[in-house]
Amino acid sequence: MKKILFVCNNLDHGGISRSLVSLLREIHRDYAVDLLLFHPWGPYRKDVPEDVRLLPSEGLLPLLGMTKAQARQQSKRLALLRAFFSLFSRIFGSSLPRRWIFSRVPDLAGYDAAVAFTQALGGRNFAVGCNSFVIQKVQAGRKISFVHWDFEHYRGNTRANRRLYRKFDRVACVSRGCRTAFLRVMPELEARTKIVYNCTDYVAIRRMGQEPVEVFSPDCVNLLSVSRITQEKAYPRAVSVMKRMMPDYPVLRWYVVGDGPELPELERSVQEAGLSDRIILLGAQDNPYCYMQRADALFLPSLYEAAPVVFDEAKALGLPVLTTETTSSAKLVGVTGCGLVCENSERGIEEALRKVLEEPALLGQFRDKIRQQSFDNQLPREQWERLIRG
């Protein structure tokens, strides 16, 4: 039985964490799986299969998976150390702080494959560092890095990160569009770069979708966004669109499930627009699926994406998707008929929303199209097997 190590920063809310847990639930019976979480915390930790061995996070490794608030809760010393490393990284880069932290934890060895599952952030961002850890601290027959975002456009496309990717035996991109964007930056890695679609726990999602929740008004058109609130999600520009539209459409409501570094900015945007009663920020939720089950459409106004896990989760619940055109949205949403893909601009978002609001039957047509399709993990499982064994 092959022995596999997965390295992830934490299992906090977000698509990457959900994707990792779904993959582990698919493969744990066929491999001896170890999991290293820098900060062994997060709502999805309870969903990790019992036979996956959770390795201890030693020394100061937890700092790479903690927020500032979590470090303060742990101790004043940890908070000061994290603040120092973050400041140093912003000025000089994150390489030296990470190397110093890594030097004080033991190497890991004896693996057939080691997988850095959370991709690298910008070179001056202290947190995460899974790629660096796998390269510097793990001995394995094959080293693999997953790419979940549009590498060409996001802030992690740095010289230091490009050097790191060249050291991996395989790079796993979560969609065809994601692979294309990655190879536009790093064409020399074409032979090593494979596609491994996200796994989705369809049974659990449908079960959790049945849990009761009372939020939405049946007399309104209820849009729902579910994501980490980060710059690439571009929520403030969606607020600008809503401010122009909502006087014309009193039935329109927008709900946002999620937390993240840009939440304060989003809160300010909503308050300044005077829309706090019509744009409702629900915060992070351990079960977003009960909201998705009852919403009218999933709304993603992102600047860029690769293959959001939430697309497949929405399909599992028969929820139509309204999204901007990004790396994979045309193939995952438009071609499948599961929703509407619009121009990636404020004008495009506004035109798409007006179309949906003025043609009430459209969302029903999308739901009918979703019901005609079947969804399973057979293809991502086959792609994973080829990645490991090929």
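The paragraphs below set out a description of the structure included in this document. (Residues numbered from 1 in each chain as written. Predicted model: local features only at pLDDT ≥ 70, side-chain atom pairs only at ≥ 80, totals over all residues. Heavy atoms only, no water.)

As for the pairing of strand β11 (residues 297-300)
Thinking step 1. Of the two faces of β11, both are covered, the one formed by A297 and F299 as well as the one formed by L298 and L300.
Thinking step 2. As paired strands, strand β8 (residues 221-226) and β11 are joined by two bridges and run parallel to one another. Directly across from L224, in β11, lies its bridge partner L298.
Thinking step 3. Looking at chain direction, β11 and strand β12 (residues 321-324) are connected through three bridges and run parallel. Counted as the bridge partner of L298 is V321 from β12.
Thinking step 4. In this fold, β11 hands off to helix α12 (residues 309-316), which returns the chain to β12; that crossover is right-handed. (Buried < 20%, exposed > 50% of the residue type's maximum accessible area, 1.4 Å probe, protein only. Helix = DSSP H or I, 4+ residues; strand = E, 2+ residues; numbered from the N terminus. Pairing = 2+ DSSP bridges. Right-handed = clockwise from strand over helix to strand, strands pointing away.)

Side note on the sheet that holds strand β2 (residues 32-37)
Thinking step 1. With parallel pairing, seven strands are arranged side by side in an open sheet as β3-β2-β1-β4-β5-β6-β7. Single-partner strands in this sheet number two, and they are β3 (53-54) and β7 (193-195).
Thinking step 2. Most of the contacts of helix α1 (residues 15-27) go to strand β1 (residues 3-8), to which it runs at about 170°, and overall it touches β1 and β2.
Thinking step 3. Its contacts with the sheet place helix α16 (residues 378-389) against β1, β4 (108-116), β5 (138-147), β6 (170-173) and β7, and it is angled at close to 145° to β5. (Contact = heavy atoms within 4.5 Å. Axes fitted to C-alpha atoms, helices over the stretch in contact; angles between N-to-C directions.)

A few points about the packing of helix α4 (residues 95-102) against helix α5 (residues 130-137)
Packed helices, taken two at a time, are described by their axes: the angle between them and the distance between them.
Thinking step 1. α5 packs onto α4 with a crossing angle of 50° between their chain directions and a minimal axis gap of 11 Å. As summarised for this structure, α4 and α5 are arranged oblique, according to the angle between their axes. α4 and α5 meet at a crossing whose hand is right-handed. Taken together, the residues of α5 that come into contact with α4 (itself represented by R98, R99 and F102) are S132, F133, Q136 and K137.
Thinking step 2. Each residue belonging to the contact of α4 with α5 can be placed in one class, and the counts come to two nonpolar, two polar and three charged. (Parallel < 35°, antiparallel > 145°, perpendicular 65-115°, else oblique. Left-handed = near helix turned anticlockwise from the far one by under 90°. Nonpolar A, V, L, I, M, F, W, Y, C, P; charged D, E, K, R; others polar.)

Considering unusual backbone geometry
Thinking step 1. The backbone phi angle of V128 is positive, close to 75°, even though this residue is not glycine.
Thinking step 2. Relative to the elements of secondary structure, V128 occurs in the loop between β4 and α5.
Thinking step 3. V128 sits in the buried class, given a relative accessible area of 5%.
Thinking step 4. Within the chain, A234 stands out as a residue other than glycine whose phi angle is a positive 60°.
Thinking step 5. Along the chain, A234 turns up in the loop between β8 and α9 (235-245).

Digging into the pairing of β8
Thinking step 1. Most of β8 sits out of view: five of its six residues are buried.
Thinking step 2. Strand direction decides the pairing type here: β8 and strand β9 (residues 252-257), joined by six bridges, are parallel. Paired with L224 across the bridge in β9 is Y255.
Thinking step 3. For the handedness criterion, the β-α-β arrangement of β8, α9 and β9 is classed as right-handed.

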